[in-house]
Amino acid sequence: MSTILITGANRGLGLGLVEEYAKDGWKIIATSRNPNNSDELLELANKNENNIEILQLDVEDLKSISDLSQVLQNTPIDVLANVAGYYGKKIVSEPGGLQEFGSTDYEDWQRIIKVNIFGPMKICETLINNIELGNDKKIITLSSIIGSIGGNDQGMMYAYRVSKAGVNAIMRSMAIDLKDKGIICIPLHPGWVRTDMGGPNADIDTKTSVEGMKRVIDSLSIKDSGRYMVYDGSELPW
Ligand SMILES: NC(=O)c1ccc[n+]([C@@H]2O[C@H](COP(=O)([O-])OP(=O)(O)OC[C@H]3O[C@@H](n4cnc5c(N)ncnc54)[C@H](OP(=O)(O)O)[C@@H]3O)[C@@H](O)[C@H]2O)c1
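To keep things clear, this report deals only with the structure shown in the data block. The shown structure was predicted, so the numbers you read here are calculated from the model rather than taken from an experiment. (Residues numbered from 1 in each chain as written. Predicted model: local features only at pLDDT ≥ 70, side-chain atom pairs only at ≥ 80, totals over all residues. Heavy atoms only, no water.)

### Some points on the packing of aromatic side chains
Consideration 1: Under the criterion given, the structure shown has five aromatic pairs.
Consideration 2: Considering the side-chain rings of Tyr 106 and Trp 109, the 6.0 Å spacing of their centres and the 20° angle between planes classify their relative orientation as stacked. In this pair, Tyr 106 and Trp 109 both sit in helix α4 (residues 106-133), three residues apart, roughly one turn of the helix.
Consideration 3: The exposure class of Tyr 106 is exposed, given its relative accessible area of 58%.
Consideration 4: Between Arg 111 and the ring centre of Tyr 86, over which it is positioned, the NZ or CZ distance is 4.0 Å.
Consideration 5: Against the face of Tyr 21 rests Lys 214, its NZ or CZ located 5.1 Å from the ring centre. (Phe/Tyr/Trp six-rings, centres within 6.5 Å; stacked < 30°, edge-to-face > 60°. Helix = DSSP H or I, 4+ residues; strand = E, 2+ residues; numbered from the N terminus. Buried < 20%, exposed > 50% of the residue type's maximum accessible area, 1.4 Å probe, protein only. Lys NZ or Arg CZ within 6 Å of the ring centre and 35° of its normal.)

### Focus: the nonpolar core
Consideration 1: Judged by nonpolar contacts, the single largest core of 36 residues is most densely connected at Ile 6, Val 18, Ile 28 and Leu 188.
Consideration 2: The biggest single contributor to this core is helix α1 (residues 12-23), with six residues.
Consideration 3: Ignoring sequence-local partners within four residues, the contact set of Ile 6 consists of Gly 14, Leu 17, Val 18, Ile 28, Ile 29, Ala 30, Thr 31, Ala 81 and Val 83.
Consideration 4: Counting residues in hydrophobic clusters, the runner-up holds 30 residues, among them Tyr 86, Ile 112, Ile 113 and Leu 178. (Core = buried A, V, L, I, M, F, W, Y, C linked by side-chain atoms within 4.5 Å. Contact = heavy atoms within 4.5 Å.)

### Remarks on helix α2 (residues 39-47)
Since the α-helix packs 3.6 residues into each turn, any two residues three or four apart lie on the same face.
Consideration 1: Within α2, burial applies to Leu 41, Leu 44 and Ala 45. Across the axial projection of α2, the buried residues extend over an arc of 100°, all falling on one side. Among the exposed residues of α2, those pointing more than 90 degrees away from its buried face are Asp 39, Glu 40, Asn 46 and Lys 47.
Consideration 2: Its buried side turned inward, α2 meets α1, β2 (27-32) and β3 (52-56). (Arc of directions from axis to C-beta.)

### A few points about unusual backbone geometry
Consideration 1: Phi at Gln 99 takes a positive value of approximately 50°, unusual for a residue other than glycine.
Consideration 2: Position of Gln 99 among the secondary structure elements: in the loop between β4 (79-82) and α4.
Consideration 3: Located in the positive-phi region is Met 156, a residue other than glycine, with phi close to 55°.

In structure tokens form, the structure reads like this:
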């Protein structure tokens, strides 16, 4: 049985991926900041008794990530999916949500960097032995089209944009550095999706996004490592 570890698994795209991989019979290590408050995830775990293990993880807290490696000693992980992410204030409904020039909230920006850049980097460094023990050897980090520098024709969203461009750079470097170990690394754009983060006016529903992402992840081989991919199989400019 193949194993996937999914961060931010209690809601949105993380929860959607748990559901999608559970349907396909995978073993899932689902992490959440607050497992006791993760009702939908707990319900899914009850339905899939032996296949979903829930672990506590705050990706903003480097110690919480180190502690995870103690719990997961020698557990093979076929796919690591860094899904947990933070945009900042709500894009439409909160003042400053568009992160316009002149309205930068530097404190919030630090949190965005911690969650979206330090978190995935530290998780990859911490769990690299588990990934080497897996058969598939795939590391996926949910990025965003907003992280594309070449594709930026809208401006704004400084803090979130930088965090996703930053994690793209990390995934590209990891693809080079881990190639000899046969490890595949990609940043993956899930589409603009109707979750808490994407909002109600987004293009697609969670099901469309997670089904597409799973198809992309299933199809990856080492020649794809370092590509900046989209849930529908297309590719983005850096
Ligand atoms: N939705 C979109 O349109 C869209 C587009 C492009 C990229 N993305 C990316 O896709 C990923 C998932 O987005 P989403 O739409 O599912 O967002 P979401 O609905 O806002 O969910 C965010 C998830 O991240 C978790 N999280 C946030 N901070 C965390 C922390 N410090 N430690 C652990 N977990 C934390 C949340 O947990 P809590 O419940 O504990 O807060 C939640 O599970 C993100 O990386 C996002 O940037 C989304």
